[in-house]
Amino acid sequence: MVWGAGGLICGAITSQYLLEKSRVVFQAKSERNYHIFYEMLAGLPAQQRQRYCLQGAETYYYLNQVGGNCEIPGKEDAEDFRRLLGTMEALGFSVDEQNSIFRILSSVLHLGNVYFEKYETDCQEIATVVSAAEIRTVAELLQVSPEGLQKAITFKVTETLREKIFTPLTVESAVDARDAIAKTLYALLFGWLTDRINKLVYPRQDALSIAILDIYGFEDLNFNSFEQLCINYANEYLQFFFNKIVFQEEQVGRGEELGSARPRSPQSWGFWGVRAPTPWHVGLRGRPASQEEYLREQIEWKEIPFSDNQPCIDLISQKPYGILRILDDQSCFPQATDHTFLQKCHYHHGTNPLYTKPKMPLPEFTIKHYAGKVTYQVHKFLDKNYDQVRQDVLDLFLSSRTKVVANLFFGHAQVLARQRSLVRRSSTRTRRYKAPTVAARFQQSLLDLVEKMERCNPFFVRCLKPNNKKEPGLFEADVVSSQLRYSGILETIRIRKEGFPIRIPFLVFIDRYRCLVDMWSNVVPNGANCVEMLRNLCPVSPSMYYVGVTKVPTPKTAARLFLKEQLYQALESKRARAHHLAALTLQRYARTFFIKRRFRSLRRKIVLLQSRARGYLASGGNGVTAVPSHRQRYRRMRHTLIKFRSLVHIYVNRRRYLKVRGVVARHGGVTAPS
């Protein structure tokens, strides 16, 4: 997710790493296939289900291999599918594109129901298709030739200079060919959807971003094959990365965060979510970086030993004799088998303490991972590692009349052509092109992922399983404690407890805890004043803190005070308590002010109401009383005074008028009336 300058999401980028294609054709007990299959079957209208020849989820081998209920309690597949359709419409997927997507998904389900039977001819066992109706259905959905599709899963094509040789496959090889087509269809569709969505929501400008990574957890099943080895190798490598970052943070110290005006702001911020049960373990060689810093600061320090999973990583992937390297080499030899691969592993790693050969001649080997021992069965290791789209299969789907299907395989063909050209250009002489194996692509994808994570500022979310039964409300202490132990959490806590993980510059320490003691404002930020303040705050012993001697660039080139985690937590608790009391005091005075203001306003209103009520009661209510009230007497008196004053005014005005008229009459000869 990418944020713009205003703090709003301005885009997103989805990157695909380590897609678990094997889940399309195989699921462990009590697991489901990808949710989209169940949601599509539950949410498609009846007319569309009939168009794609779809039935219930329990009728498809890829969705119901072990038998049982295909639903998850609490999950509404139909409702989720309706939301998916709304999202696709919002992202601009046309109706034709949506139909093509559902056609491909439906064809994957129908491919799983293609069954084979043995047929012997010329003393050779070959596979024949039993369910020809499923072949026709898949061919109709993908708009390809039914005969070409049936040949693609029952014959192997070898091209020579002059002709093509069709070699019939056994039932086991035919099943592998069928599953390979299903996985390829799903993987190409997944990649196409990712690219389409990225083009729509890709940010138009560079900005800070937060990336979320969700990886599959460590696996130890009843039958562990090539997929489990890759998954557990990824967890080993990411455990190495996790501990590397943890010790780097230990070197930087939490005090750097306290001393900075704002947190560090790299180009990208990483937030890597780890799905349970994904235990990560320590993976650094030698001494942690923080212990090197203790030596520079002249702190008496006893080195803390810690686990190192680098030997296990080397066992799996180191050149030239790592297990995956041996597997890649064996995949290049036509005569190589799973047995020859196993024998080479025994030869090169038989004396490795992390590698165990079986006591009986069984096709398996055991690796001691950080989370425990896992036994891997080598059956089909070479076939799964090769996992290439054959040229005849590629040509078949390139001829599809469905635009989306043809474009998917056309893009894949272009990628293969670019890889061939790069191989020819990188070589000084012409050599035969070797397609990258699954193990090689897996390792490169993992390296790209780790490289991207190293450019970020990662944070890790630890998720623990409360129980192995996947039941709510059940907490098994042994299960949780074992996860804490092999994930390195307890080891990290021990290192932080025994070391000085908190490093605070003097100035920051004084400014941060000044509120807890009476101290003048212009105190000099040095070690002596910090120690004096520390002793006034809480009882401490000399072993709980240390005054650093080396200066660092921030802030203001001040030396630092090293604290134990326990002491730091005590100081933070006191500071939080002081802030809490200060907040309560502010709230108390603020509430007092508002309550007093409300009380005064209410009192004025009550006094006014009382005066009006008393006046009303003084008037007698309706004005009719047997005994005259004070109000009535006042009114009569007022009326009398007004009447008397009016009479006086009449009398005075009359006298003035007569006087004026008499004067006029004398001067004008007019006799005034008597």
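Residues numbered from 1 in each chain as written. Predicted model: local features only at pLDDT ≥ 70, side-chain atom pairs only at ≥ 80, totals over all residues. Heavy atoms only, no water.

**With respect to a positive patch on the surface**
Working step 1: A contiguous patch of positive charge, built from Lys 596, Arg 600, Arg 603, Arg 604 and Lys 605, is present on the exposed surface.
Working step 2: Considering the arrangement of structural elements, one finds Arg 600 in helix α22 (residues 565-618).
Working step 3: Take Arg 600: its relative accessible area is 44%, and that puts it in the partly exposed class. (Patch = residues over 30% accessible without salt bridge, like charges linked within 9 Å, V, L, I, M, F, W, Y side chains within 5 Å. Areas by Shrake-Rupley, 256 points an atom, 1.4 Å probe, with all protein chains shown as cover. Salt bridge = Lys/Arg side-chain N within 4 Å of Asp/Glu carboxyl O. Lys, Arg positive; Asp, Glu negative; His and termini not counted. Charge placed at Lys NZ, Arg CZ, Asp CG, Glu CD. Helix = DSSP H or I, 4+ residues; strand = E, 2+ residues; numbered from the N terminus. Buried < 20%, exposed > 50% of the residue type's maximum accessible area, 1.4 Å probe, protein only.)

**Thoughts on the packing of aromatic side chains**
Working step 1: All chains considered together, the criterion is met by 18 aromatic pairs.
Working step 2: Plain terms: the ring middles of Tyr 61 and Tyr 62 are 6.2 Å apart, the flat faces sit at 45 degrees to each other, and that makes the pair tilted.
Working step 3: Residue Tyr 61 is classed as partly exposed on the basis of its relative accessible area, which comes to 34%.
Working step 4: What links up through ring pairs into an aromatic cluster is the set Phe 226, Phe 341, Tyr 355, Phe 365, Tyr 376 and Phe 381.
Working step 5: The ring centre of Phe 166 lies 4.9 Å from the NZ or CZ of Lys 151, which sits over that ring. (Phe/Tyr/Trp six-rings, centres within 6.5 Å; stacked < 30°, edge-to-face > 60°. Lys NZ or Arg CZ within 6 Å of the ring centre and 35° of its normal.)

**Some remarks on the nonpolar core**
Working step 1: Membership of the largest hydrophobic core comes to 59 residues, with the highest contact counts inside it found for Phe 37, Leu 105 and Phe 397.
Working step 2: With nine residues, helix α7 (residues 171-201) is the single largest residue contributor to this core.
Working step 3: Residues contacting Phe 397, with those up to four places away along its chain left out, are Leu 142, Val 144, Leu 149, Ile 181, Val 405, Ala 406 and Phe 409.
Working step 4: Counting 44 residues, the second largest nonpolar core, distinct from the first, contains Phe 218, Tyr 237, Ile 367 and Tyr 486. (Core = buried A, V, L, I, M, F, W, Y, C linked by side-chain atoms within 4.5 Å. Contact = heavy atoms within 4.5 Å.)

**Points about the sheet that holds strand β15 (residues 560-563)**
Working step 1: An order of β13-β15-β14 is seen for the three strands of this open sheet, with the pairing classed as antiparallel. Looking at strand neighbours, the two that pair on one side only are β13 (502-505) and β14 (545-547), the edges of this open sheet. Strand-to-strand twist of the sheet, defined as the mean angle between neighbouring strand axes without regard to direction, takes the value 20 degrees.
Working step 2: Along the sheet, helix α20 (residues 506-513) contacts β13, β14 and β15; its crossing angle with β13, the most-contacted strand, is approximately 90 degrees. (Pairing = 2+ DSSP bridges. Axes fitted to C-alpha atoms, helices over the stretch in contact; angles between N-to-C directions.)

**Topic: unusual backbone geometry**
Working step 1: Cis geometry marks the peptide bond from Lys 319 to Pro 320, where omega comes out at 0 degrees.
Working step 2: Looking at the element boundaries, Pro 320 is found in the loop between α11 (310-317) and α12 (323-331).
Working step 3: For Cys 53, which is not glycine, the phi torsion reads 55 degrees and is therefore positive.
Working step 4: Along the chain, Cys 53 turns up in the loop between α2 (46-51) and α3 (77-90).
Working step 5: Positive phi values are uncommon outside glycine, yet Gln 143 reaches one of about 60 degrees.
Working step 6: Of note, Gln 143 is situated in the loop between α5 (132-142) and α6 (146-154).
Working step 7: For Gln 143, a relative accessible area of 16% translates into the label buried.

**Quick word on the pairing of strand β3 (residues 116-121)**
Working step 1: Two elements, β3 and strand β4 (residues 124-129), share six bridges in a ladder whose sense is antiparallel. Within the sheet, the bridge partner assigned to Lys 118 lies in β4 and is Ala 127.
Working step 2: Taking the residues between adjacent antiparallel strands as the criterion, β3 and β4 are bridged by two residues, where Asp 122 takes a positive phi near 55 degrees.

**Quick look at the environment of Asp 77**
Working step 1: Structurally, Asp 77 is set in helix α3.
Working step 2: Distance from Asp 77 to Gly 43, taken between C-alpha atoms, is 6.9 Å for residues 34 residues apart in sequence.
Working step 3: With residues near it in sequence (within four places) discarded, Asp 77 still touches Arg 32, Tyr 38, Glu 39 and Ala 42.
Working step 4: In terms of polar contacts, Asp 77 uses its side chain to reach the side chain of Arg 32, at 3.5 Å. (Polar contact = N/O pair within 3.5 Å; in protein donor to acceptor, adjacent residues only side chain to side chain.)

**Here we look at a nonpolar patch on the surface**
Working step 1: Nonpolar side chains collect at one region of the surface, where Met 1, Ile 9, Ile 210 and Ile 212 lie side by side and expose about 370 Å² of accessible area between them.
Working step 2: Tracing the backbone shows Ile 9 in strand β2 (residues 9-11).
Working step 3: For Ile 9, a relative accessible area of 54% translates into the label exposed.

**So, the sheet that holds strand β9 (residues 355-356)**
Working step 1: Strand order across the open sheet formed by three strands is β9-β10-β11, with antiparallel pairing between neighbours. Strands with a single pairing partner mark the edges of an open sheet, and in this sheet they are β9 and β11 (372-377).
Working step 2: Pairing of strand β10 (residues 364-369) with β11 involves six bridges; the strand directions are antiparallel. Looking at β11, one finds that Ile 367 is bridged to Val 374.
Working step 3: Most of the contacts of α11 go to β10, to which it runs at about 150 degrees, and overall it touches β9 and β10.

**Some details on the pattern of salt bridges**
Working step 1: For the structure on display, the rule yields 18 salt bridges.
Working step 2: For Arg 23, the salt bridge goes to Glu 20, with nearest N and O atoms at 3.5 Å. In terms of burial, Arg 23 and Glu 20 fall into one category: buried.
Working step 3: Two residues, Glu 79 and Arg 83, come together in a salt bridge whose shortest N-O distance is 3.8 Å. Pair noted here: Glu 79 and Arg 83 are both in helix α3, with a separation of four residues, about one helical turn.
Working step 4: Judged by relative accessible area, Arg 83 falls into the partly exposed class, the value being 49%.
Working step 5: Within this structure, Arg 32, Glu 39, Lys 75, Asp 77, Glu 79, Asp 80, Arg 82 and Arg 83 form a network of salt bridges that share partners.

**Quick look at the packing of α11 against α12**
Working step 1: Between α11 and α12, whose axes approach to 3 Å, the crossing angle comes to 5 degrees. Of the possible angle classes, the one that applies to α11 and α12 is roughly parallel. In this structure, α11 contributes Leu 315, Ile 316 and Ser 317 to the contact, and α12 contributes Ile 323, Leu 324 and Arg 325.
Working step 2: For the contact of α11 with α12, the class distribution of residues is four nonpolar, one polar and one charged. (Parallel < 35°, antiparallel > 145°, perpendicular 65-115°, else oblique. Nonpolar A, V, L, I, M, F, W, Y, C, P; charged D, E, K, R; others polar.)

**Overview of the side chain of Thr 437**
Working step 1: For Thr 437, the position within the fold is in the loop between α16 (403-426) and α17 (438-454).
Working step 2: Its relative accessible area of 7% is what places Thr 437 among the buried residues.
Working step 3: A distance of 3.2 Å separates a polar atom in the side chain of Thr 437 from the backbone nitrogen of Ala 440.

**Focus on the confidence of the model for the protein chain**
Working step 1: With 85% of its residues at a pLDDT of 70 or more, the protein chain shows a mean pLDDT of 82.
Working step 2: Put simply, strand β8 (residues 268-274) is where the protein chain has its lowest mean pLDDT, 32, and β9 is where it has its highest, 96.
Working step 3: Ignoring residues within four places in sequence, the model shows residues 251-257, a span with pLDDT below 50, making 25 contacts including any to other chains.
Working step 4: Every residue in residues 259-289 scores below 50 in pLDDT, and together they form 128 contacts with partners more than four places removed in sequence or on other chains. (pLDDT = per-residue confidence, 0-100.)

**Here we look at helix α1 (residues 35-43)**
Working step 1: Summarising burial for α1: seven of the nine residues are buried, a large majority.
Working step 2: Those residues of α1 not exposed but buried are Ile 36, Phe 37, Tyr 38, Glu 39, Met 40, Leu 41 and Gly 43.
Working step 3: Where α1 is buried, its residues contact α2, α3, α4 (95-112) and α7.

**Side note on the side chain of Glu 236**
Working step 1: By the element assignment, Glu 236 lies in helix α8 (residues 226-252).
Working step 2: Within the buried core, Glu 236 has no salt-bridge partner, and the shortest N-O distance to an opposite charge, that of Lys 368, equals 11 Å.
Working step 3: A polar side-chain atom of Glu 236 sits 3.0 Å from a polar atom in the side chain of His 369.
Working step 4: The residues touching Glu 236, leaving out its near neighbours within four places in the chain, are Asn 309, Cys 312, Ile 313, His 369 and Tyr 370.

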